[in-house]
Amino acid sequence: MIYNDKLGDFMDLNSLIKIIEKVGKIEIENIQITADELIINIPSAPPVVIPQTPLIKEKLAEEGIIEIKDVPELDWEPPIEKYTGYIREVQFGKPKSEGGRGKVVKIGGQKALYRFEEPQPNPPVVTFDIFDMPMPGLPKPIRQFFQDVMEDPCEWAKKCVKEFGADMITIHHISTDPKIKDKSPKEAAKLMEDLLQAVDVPFVIGGSGNPQKDPLVLEACAEVSEGDRCLLASANLELDYKKIVDAAMKYDHNVLAWSIMDPNMARDLNRKLIEAGLDPNRIVMDPTTCALGYGIEFSINAMVRLRLNGLKGDELVNMPMSSGTTNAIGAREAWMNNPEWGPREYRLPLWEITTGITMMMCGVDLFMMLNPISVKTLKEIGKALTTKPGEVKLNTNNYEWIVAKA
Amino acid sequence: MPKKISVMDIYKLLPKTNCKKCGQPSCMAFAAKLLEKEATVDQCPILNTPKFEENRKKLIELLSPPVKEVWFGNDKRKAVMGGDEVMYRYQLSFFNPTPIGVDISDELSEEEIKSRAKEIENFTFERTGEKLKLDFIVIRNASGDIEKFKKAIEIVEKETDMPICIASLNPEIIKEALKIVKSKVMVYAATKDNLNDMIKVIKELKKEKDVVLVLSSNNVKELKNMAAKCLANGIEDLVLEPYTYPENIAETLDLNVMIRRSAIEKEDKYLGFPILNLPINAYYYALNNDCPISTFFDNKEVVAKMYEATIAGTLLNRYADALIIHGLDIWELMPILTLRQNIYTDPRKPQAVEPGLYPIGNPDENSPVILTTNFSLTFYTVTGDFEKDNVTCWLLVMDTGGKAVDVSVAGGQYNGENAKKLIEETGIADKVNHRIIILPALAASTRGDIEDKTGWTCVVGTRDSSQVGEFLRKNWDRILREWKEKHQK
């Protein structure tokens, strides 16, 4: 029996069910049930409808009212890191006031990894590869730009500077190779003098890759370009690096330290060069650039680790980095004539651009390149990295592509 | 840095029975594999029992990457994004190679939609034995018309198995499209302005679990708050799209890095979602504005595609977990797909094939012997070229630790000692009646060393393996004859 305090009487279950049938819902408060033996059996009762929230929601949904939960506003801070280290700044060329030829280019000098932390002070720099003899073996998409100047390295250099905006020129003294023309270091130095007269941008001075001859060629060229802060390319453990270090210190140049995709090897080489008397502020590291598709992931890992460790304060690897981006055009996907792959005049620059951009994202500061298209693209993207957030006006409507005409 | 969990943290939650059913010798070994992401929780049968329900949940939570793995698509093909644990690939590996989607406008004719969809689905570029493909189709509501949009979606779903992204900022249009779409789709996009309506549409249709929602804003804090709201409303598969700016890509790179660093290094779970970028913006930008490539080509479309590929490559290097592009030419896609393949290669695994002797064609005792390295790219390139050019030879594949010819020559693995070992182990001397090895031109400098150590005569061949066929046709008979005349007297 259940006491109904509105009625002031006891009710049995049957009358209770009757009420439920009428109103669909009852609330029972303070119930007292007294019974000797309580058997509740409600087989005949209609289902007790207890209103449930999902049903309400469904009903609301039918009417187009959906409840959207709000959340309190959350805060967010840009994830800016503190770096204990820095990247050294290396200077090429000297102003006229200091007895140089005028143009000065600086690389490195970063105090942070990303632009939003602190934009890098110097944009990435491109140095154009030229050769001391015609290179008929260069792929056509590159030859077409230089066909008319290949016979004369000075004209070649001028064209790179005047027409294609070269920041620097890399002269490869290929013909000094005993197996090619075996030109003497003296002859190389003569050409070097002419080149210094021809253009006013700083130089990277390269040999032929012959480990016996290169130190002699670099030494001779270093002497005639004394005080011009060139980059001697390159010192490695396969050759008499002491001679190159001596030439750099004696004639006021920088040295490219070339190692093979291994941060420890790069560090070891730097240590040896410094022990041999080289000022660490005159080192640029080349940890080897493998072309896109030909092991670039090894270069990525080596360069990222070097840059991170440099910024963490390792003073043996906090030098700016250089990339032989030209390696990209050696990739068959770049140079090979293959109709299935489409025109190579598009493929070749893209292969070099993609290789260079990847190296740029890993922190590379100096790019040795050949193709004017790739050079221009890389330089513009590099310039963006030195802009301050918000500095460049952005007009692109991010959603225009949705409605663009195909 | 990777999450600071240890093998012990994982081991504690395992059954510790060492039953070996997962394929590992012990629970401890399984724990180590789980930590390295080389095994999955599902491989342990005991964890799947009700008794271990709680441990299993804890384990999944413990092992879940700071960047959520999100997928869309159907039973046949899925586009999987995110799942990353580290900022730099050398720290572990990047997971789930960036899915690349190509757009289809709903203004195209039925035939055009069909053929473009097929072209996207069938696109293949083969490299190093791997077929590189495109991953999804973006159907964009260019018309503003719902019927055209639905029609385009129907055609693509009927004609292909491709995962689909539908693009419109209009929640009403998205609602009608979601009603007919059959697979789990990616919806582009919720913005600050339409977020509430997008959430409403998805909830109304009860598609919280069947939709990947792209949140779009150029403000990271706003993206975070949008994500929090979606999560509170049961929409958990999210993708963040922080605007792609072709006129200063550094802005987009910054946004990508800030999002990823917040997720991984600051453990901000609201930003722990894959990032979508839009190189397609660079395409349309270059079509109508000057870009660095403009002065070199008269054809605007070529310029646009080159610039699009440039921007795609840039973003792939900085945390793009999905990309939408427009161009379909192979020359544009080759560098993008190759870069993706390179970046997502697992650095923990050497890229090497088994060293040894590989007969190419049906070589006999008079066939040339060619020496290459076991870097997988070199191997596949060489064998691919030989096959194309019908080269018959004995290919000796030397263990250079998975390094390419030039790299291993410089690094000292391509040397006489290794060559000698290889010749002895393969017994090549019994298979040919000469002692001549052809070296790649890039290994010319090792000639003396190899001749000294092996006693075989070395001939310097070509720079590229594609030239070997011609080289052999022109020279092999003479080389063999001269060698025999000299050595068999």
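Going by the annotation in an unreviewed UniProt entry, the name recorded for chain B is Acetyl-CoA decarbonylase/synthase complex subunit gamma, with Methanocaldococcus lauensis given as the source organism. Recorded under Function (unreviewed entry), the UniProt text for chain B is reproduced unchanged: "Part of a complex that catalyzes the reversible cleavage of acetyl-CoA, allowing autotrophic growth from CO(2)."

As recorded by an unreviewed UniProt entry, chain A carries the name Acetyl-CoA decarbonylase/synthase complex subunit delta and is attributed to Methanocaldococcus lauensis. Quoted verbatim from the Function (unreviewed entry) heading of the UniProt record, the comment on chain A is "Part of a complex that catalyzes the reversible cleavage of acetyl-CoA, allowing autotrophic growth from CO(2). Probably maintains the overall quaternary structure of the ACDS complex." Taken verbatim from the UniProt record of chain A, the Subunit (unreviewed entry) comment is "Heterodimer of delta and gamma chains. The ACDS complex is made up of alpha, epsilon, beta, gamma and delta chains with a probable stoichiometry of (alpha(2)epsilon(2))(4)-beta(8)-(gamma(1)delta(1))(8)."

Visitor: It is not clear to me how the packing of aromatic side chains should be interpreted in this structure. Could you clarify?
Guide: Two numbers describe a pair of aromatic rings. These are the distance of the centres and the angle of the planes. Summed over all chains, the structure comprises 21 aromatic pairs over all chains. Seen in terms of ring centroids, A:Phe131 and A:Trp156 are 5.9 Å apart; in terms of plane orientation they differ by 50°. Their pairing is tilted. Residue A:Phe131 is found in strand S5 (residues 125–131), and its partner A:Trp156 is found in helix H4 (residues 153–164); the two are separated by 25 residues along the sequence. Judged by its relative accessible area of 9%, A:Phe131 falls in the buried class. These aromatic residues form a ring-pair network of at least three members: A:Phe128, A:Phe131, A:Phe145, A:Phe146, A:Trp156, A:Phe164 and B:Phe296.

Visitor: What exactly am I supposed to notice about the sheet that holds strand S13 (residues 356–360) of chain B here?
Guide: As a general point, the strands of a sheet are linked pairwise by backbone hydrogen bonds and lie either parallel or antiparallel. Residue and element names in this part refer to chain B. The strand order S13-S15-S14-S16-S17 describes an open sheet built from 5 strands, whose pairing is mixed. One side of each edge strand has no neighbouring strand; the edge strands of this open sheet are S13 and strand S17 (457–460). Along the sheet, successive strands turn relative to each other by an average axial angle of 30°, direction set aside. Pairing geometry for S13 and strand S15 (residues 393–398), over 5 bridges, is antiparallel.

Visitor: Help me out: how do you make sense of the UniProt feature "domain: CO dehydrogenase/acetyl-CoA synthase delta subunit TIM barrel" (unreviewed entry) in chain A in this one?
Guide: If you check UniProt for "domain: CO dehydrogenase/acetyl-CoA synthase delta subunit TIM barrel" (unreviewed entry), the listed places come out as residues 89–336 of chain A in our numbering. Taken end to end, residues 89–336 of chain A is 35% helix and 16% strand, and its first and last C-alpha atoms sit 39 Å apart.

Visitor: How should the packing of helix H10 (residues 279–288) of chain B against helix H11 (residues 300–316) of chain B be read in this particular structure?
Guide: How two helices sit against one another is set out by the angle between their axes and by the gap between those axes. Residues and elements named next belong to chain B. Packing of H10 against H11 leaves a shortest axis separation of 8 Å and a crossing angle of 150°. With respect to H11, the axis of H10 lies roughly antiparallel. Between H10 and H11 lies a crossing whose hand is right-handed. On H11, the residues that touch Pro279, Ile280, Ala282, Tyr283, Tyr285, Ala286 and Leu287 of H10 are Lys300, Glu301, Val303, Ala304, Lys305, Tyr307, Glu308, Ile311, Ala312 and Leu315. Considered class by class, the residues forming the contact of H10 with H11 number 13 nonpolar, no polar and 4 charged.

Visitor: Just checking my understanding: could you explain the interface of chain B and chain A for this structure?
Guide: Size of an interface: often given as the accessible area lost when the parts come together. Every contact between the two is made by 96 residues of chain B and, on the other side, 82 residues of chain A. Between chain B and chain A, the buried area comes to about 7,700 Å², and carbon and sulfur atoms account for 65% of it. For B:Arg127, the salt bridge is made with A:Glu333, and the minimal N-O distance between the two is 3.0 Å. Joining chain B to chain A, the criterion identifies 38 residue pairs in polar contact (both at pLDDT 80 or more). Classifying every residue of the side of chain B that touches chain A gives 48 nonpolar, 26 polar and 22 charged.

Visitor: For this particular structure, what's the right way to read the pairing of strand S7 (residues 203–206) of chain A?
Guide: All names here are of chain A. Across the two faces of S7 the burial is the same, with Phe203 and Ile205 and Val204 and Gly206 all buried. Inspection of the sheet shows S7 paired to strand S8 (residues 231–235) by 3 bridges, in the parallel sense. What sits directly across from valine 204, in S8, is leucine 231. The parallel pair S7 and S8 is bridged by helix H6 (residues 214–224), and the resulting crossover is right-handed.

Visitor: I keep staring at the UniProt feature "binding site: [4Fe-4S] cluster" (unreviewed entry) in chain B and nothing clicks. Help me out?
Guide: Residues and elements named next belong to chain B. Taking the numbering used here, the UniProt-annotated feature "binding site: [4Fe-4S] cluster" (unreviewed entry) corresponds to Cys19, Cys22, Cys27 and Cys44. The named residues occupy 26 residues along the chain; their greatest pairwise C-alpha distance, 9.3 Å, places them in one compact cluster. Following the sequence through the fold, cysteine 19 ends up in the loop between helix H1 (7–11) and helix H2 (27–35). A relative accessible area of 31% places cysteine 19 in the partly exposed class. You can see cysteine 22 is positioned in the loop between H1 and H2. Those residues in contact with cysteine 22, other than ones at most four positions away along the chain, are Phe30 and Gln43.

Visitor: What am I meant to see in the packing of helix H6 (residues 171–180) of chain B against helix H7 (residues 195–204) of chain B here?
Guide: All names here are of chain B. At a closest axis distance of 9 Å, the pairing of H6 and H7 adopts a crossing angle of 20°. Put simply, H6 runs roughly parallel to H7. The hand of the H6/H7 crossing is right-handed. Counting all contacts with H6, which are made through Pro171, Ile174, Lys175 and Leu178, the residues of H7 involved are Asp197, Met198, Val201, Ile202 and Glu204. Taken together, the residues that form the contact of H6 with H7 break down as 6 nonpolar, no polar and 3 charged.

Visitor: Hey, could you run me through the side chain of B:Asp237 in this one?
Guide: Residue and element names in this part refer to chain B. Within the fold, aspartate 237 resides in the loop between helix H8 (220–232) and strand S10 (238–241). A distance of 3.0 Å separates the side chain of aspartate 237 from the side chain of lysine 68, its partner in a polar contact. When neighbours within four sequence positions are excluded, aspartate 237 is seen to be in contact with Lys68, Val70, Lys184, Val211, Val212 and Leu213.

Visitor: It is not clear to me how the confidence of the model for chain A should be interpreted in this structure. Could you clarify?
Guide: With 84% of its residues at a pLDDT of 70 or more, chain A has an overall mean of 88. Note that residues 42–48 of chain A has pLDDT below 50 and, in this model, 4 contacts with residues that lie over four places away or in other chains.

Visitor: What is the right way to look at the environment of B:Thr426 in this model?
Guide: Residue and element names in this part refer to chain B. In this structure, threonine 426 sits in helix H15 (residues 416–426). Threonine 426 gets classed as buried once you look at its relative accessible area, which sits at 16%. Note: C-alpha distance between threonine 426 and threonine 17 (409 residues apart in sequence) is 44 Å.

Definitions and cut-offs
- For every chain, the first residue of the written sequence is number 1, and numbering continues from 1 onward in sequence order.
- A letter from A marks each chain and a number from 1 marks each ligand, given out in the order of writing.
- Owing to the predicted nature of the model, reporting of local features is limited to residues with pLDDT of at least 70; listing and counting of side-chain atom pairs is limited to 80 or more, with chain, interface and lining totals taken over all residues.
- Based on all heavy atoms of the structure, the side-chain values leave hydrogens and waters out of the count.
- UniProt positions are given in the numbering used here, feature names are shortened, and annotations may be inferred rather than shown by experiment.
- In this scheme Phe, Tyr and Trp rings, the latter by its six-membered ring, pair at centre separations within 6.5 Å, and the angle between planes marks the pair as stacked below 30 degrees, edge-to-face above 60, and tilted otherwise.
- Each helix is a run of DSSP H or I of at least 4 residues and each strand a run of E of at least 2, with the numbering of both proceeding from the N terminus.
- Any residue under 20% of the maximum accessible area for its type is buried, any over 50% is exposed, and the rest in between are partly exposed; the area is computed with a 1.4 Å probe on protein chains only.
- Pairing between strands is defined by DSSP: at least two bridges between them are needed.
- Lines fitted to C-alpha atoms define the axes, with helix axes restricted to the stretch in contact, and inter-axis angles between N-to-C directions lie between 0 and 180 degrees.
- Angles below 35 degrees are treated as roughly parallel, those above 145 as roughly antiparallel, those between 65 and 115 as roughly perpendicular, and all remaining angles as oblique.
- Left-handed describes a crossing whose near helix is turned anticlockwise from the far helix by less than a right angle; the clockwise case is right-handed.
- Any two residues having at least one pair of non-hydrogen atoms within 4.5 Å are treated as being in contact.
- In this classification, Asp, Glu, Lys and Arg are treated as charged, Ala, Val, Leu, Ile, Met, Phe, Trp, Tyr, Cys and Pro as nonpolar, and every other residue, Gly included, as polar.
- Once two parts are brought into contact, the accessible area they lose, counted with a 1.4 Å probe and summed over both, makes up the buried area.
- Criterion for a salt bridge: a side-chain nitrogen of Lys or Arg within 4 Å of a carboxyl oxygen of Asp or Glu.
- Pairing of N or O atoms within 3.5 Å defines a polar contact, subject to two protein rules: one partner must be a possible hydrogen donor and the other a possible acceptor, and residues neighboring in sequence count only if both atoms are side-chain atoms.
- A clockwise path from the first strand over the helix to the second, with the strands pointing away from the viewer, defines a right-handed crossover.
- Scored from 0 to 100, pLDDT records how confident the predictor is in each individual residue.

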